[in-house]
Amino acid sequence: MYRVGDYVYFENSSSNPYLIRRIEELNKTANGNVEAKVVCLFRRRDISANLNTLADSNARDFEEESKQPSMLEQQKHQLKHRELFLSRQFESLPATHIRGKCNVTLLNETDVLTGYLEREDCFFYSLVFDPVQKTLLADQGEIRVGSKYQAEIPDKLDDVDSDSRVQEKLETKVWDPNNQLKDPQIDQFLVVARAVGTFARALDCSSSIRQPSLHMSAAAASRDITLFHAMDTLQKNGYDLAKAMSTLVPQGGPVLCRDEMEEWSASEAMLFEEALEKYGKDFNDIRQDFLPWKSLASVVQFYYMWKTTDRYIQQKRLKAAEADSKLKQVYIPTYTKPNPNQISAPGSKPGMNGATGYQKGLSCESCHTAQSQQWYAWGPPNMQCRLCASCWIYWKKYGGLKTPTQLEGATRTAPRGHMTRQEVQGMSPFTSSAGRAKLLAKNRQTFILQTTKLTRIARRVCQDILQSHRAARRPYASINANAVKAESLQAPLKLKAPRGAPTPINRNQVNQPRNAAGGHSLSTNGRPFALGMRAATQSVIKRQKVSQGDAPNPVVFVATKDTRALRKHLTQAEKRRAARKPHLPVRIKLPVPPRPLPVPIIPSSTSEPIVLED
């Protein structure tokens, strides 16, 4: 039986882990099915690597502040599978996809993290994930429990000791109950203050428009803001009624006191009700997304004043009526259908359910066992990875493997006939380099393309076909390798040929026909285009855009002041040679600084100069 408010597993794919959702509403559709309106919770595998790093930092701070006991690497690995991220994203899912209940709690400083590993179907969360903005923020509903949130009570003074603290700096006195006025006199002054407030609203143009009737003006003048102003006036005037009366009605006119209910317009009140329906009592988000021109104190004050109005009572009755008409609980029978990823079922032949062609003797990817009553296909089909029955249930519930893979720093002890893609990437020399640039937003490794001798020779022989400068500016344009081979066989190899004057290229020649040799198109050196070569009049290949995530990690070298100073002593040819061969050392001949000339010093007493030589 599943009720509103339960945390449940939802299955949207037979091979992916379960989705963890919280049931907010249970609605019955027109065709008789039941749909659940749920709140989405996300796992670590659902967020980016950059946000995972932020979550790791938050977890380390929590462990240091709460003084958690030390854990093994496998426990730390499994604890990441128990962490969830709350969100404010809603979705509707069929109730028939529910696969069981789970328990999700807000992480507290008094909790022991290893306790979550000892309990089944138990998760925790401490951060809120925004799927739109891709951000992680601390949950506003955090319960502040601990020694640092407790008040520090000073020691009690003895009877003979006197309090040396300055009371005016600690608190402000706003009312003295031991005053010379009697209660009937105070009540009469409050009535006068309400009358002055009603008269002030009659003189104010904006108040007369909002409150056209005398009854509404008198009701607004009887609110707490008017009474507080009257009592403050008595306190400031030493409870002298004559002085207080003159303060209520100064020479400029009667004092008009308004609270948040009068300051807010009708449109702002509608925005507040809409935001309250969406965010609840999260006043920070209400102010940020709906009422940025209001202060947080103004929003909070308006909320508690709004709860005293008839509007709040009407909405509360409507919500109660809607809640009574909706479903409170729903019964979903246990799901017993076989999983399509099942390799072999008990009492049946191996290879059923479409998972055929699996090699015998393969171990479990998680616990590395070779014996299990039931096996399930896991990962890409071409990798032929599989999980045992217990590890498959762990994968579906917690979204990970029990043991870390080699990519996460673990070593495999069981014999294997093949390695997964993650293990191959973990053995790459680029992933173990401590000095390479680490960009969290990218997941591709840097690759190096090294030219061969034949490629370097072809660049010199087939300059008219390759056009290395143009190819460098347009690396996405393809090069006809067959034409380069044909040109290399025809032309003799000439190394270190003297360079002549560059042939000027007329851009207007692109639109002119080149039929000088028997009707065949000629290239810029007069030779006919070989078979497969692209003429200038053919369509240009479109640029292929590369996404930022597929681009390799860049390596940036920042020049120092000494390096920039040494560059000034190199010629232009030496700079080009050093750029082409950065692995070779550069010899720099530094000029000898000139010897300083003797400085004559002429004293004031004599006219002959005195020369000081070093």
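These figures come from a predicted structure and were not determined experimentally.

**Q** Even after reading the chapter, I still don't get the overall build of the protein, so can you show me in this structure?
**A** Counting its secondary structure elements, the protein contains 22 helices and 14 strands. When each of the 614 residues of the protein is scored for burial, the buried share is 29%. In the protein, the share of contacts with a sequence separation of at least 24, taken over all contacts with a separation of at least 6, comes to 61%. Total accessible area computed for the protein in this model is approximately 43,500 Å², and 54% of it derives from carbon and sulfur atoms.

**Q** Whenever I open this one, empty space enclosed by the protein confuses me. Can you help?
**A** Here the idea is plain: a probe the size of a water molecule rolls over the atoms and shows the empty space left. In the structure shown here, the tally under the stated rule is two cavities of 30 Å³ or more. Around the largest cavity, the lining residues are A193, V196, G197, R201, T226, H229, A230, L248, V255, L256 and C257. Among the elements of the structure, α5 (183–203) and α8 (224–236) are those that each provide at least two residues to the lining of the largest cavity. Ranked by the residues each element gives to the lining of the largest cavity, the list is headed by α5, at four residues. Of the residues that constitute the lining of the largest cavity, the class distribution is seven nonpolar, three polar and one charged.

**Q** Mind showing me how you'd approach the pattern of salt bridges here?
**A** Side-chain pairs of opposite charge can arise whenever the charged atoms involved come near each other. With the rule as written, the count across this model stands at 15 salt bridges. Across the salt bridge formed by E11 and K396, the nearest N and O atoms sit 3.2 Å from each other. Taken together, the positions of E11 in the loop between β2 (7–10) and β3 (19–28) and K396 in helix α15 (residues 389–398) put the pair 385 residues apart, joining distant regions of the chain. Classification of K396 as buried rests on a relative accessible area of 2%. Across the pair E268 and K294 runs a salt bridge, and its minimum N-O distance is 3.4 Å. With E268 in helix α11 (residues 266–279) and K294 in the loop between α12 (283–289) and α13 (296–306), this residue pair connects regions lying 26 residues apart in the sequence. Grouping residues by exposure puts E268 and K294 together as buried. The network of salt bridges with shared partners includes E11, R99 and K396.

Procedures and definitions
- Residues numbered from 1 in each chain as written.
- Predicted model: local features only at pLDDT ≥ 70, side-chain atom pairs only at ≥ 80, totals over all residues.
- Heavy atoms only, no water.
- Helix = DSSP H or I, 4+ residues; strand = E, 2+ residues; numbered from the N terminus.
- Buried < 20%, exposed > 50% of the residue type's maximum accessible area, 1.4 Å probe, protein only.
- Contact = heavy atoms within 4.5 Å.
- Areas by Shrake-Rupley, 256 points an atom, 1.4 Å probe, with all protein chains shown as cover.
- 1 Å grid on protein atoms, 1.4 Å probe; cavity = no way out; pocket = protein on both sides within 12 Å on 5 of 7 lines; lining within 4 Å.
- Points joined across faces, edges and corners; volume = space filled by probe spheres on them.
- Nonpolar A, V, L, I, M, F, W, Y, C, P; charged D, E, K, R; others polar.
- Salt bridge = Lys/Arg side-chain N within 4 Å of Asp/Glu carboxyl O.

By themselves these figures say nothing about function.
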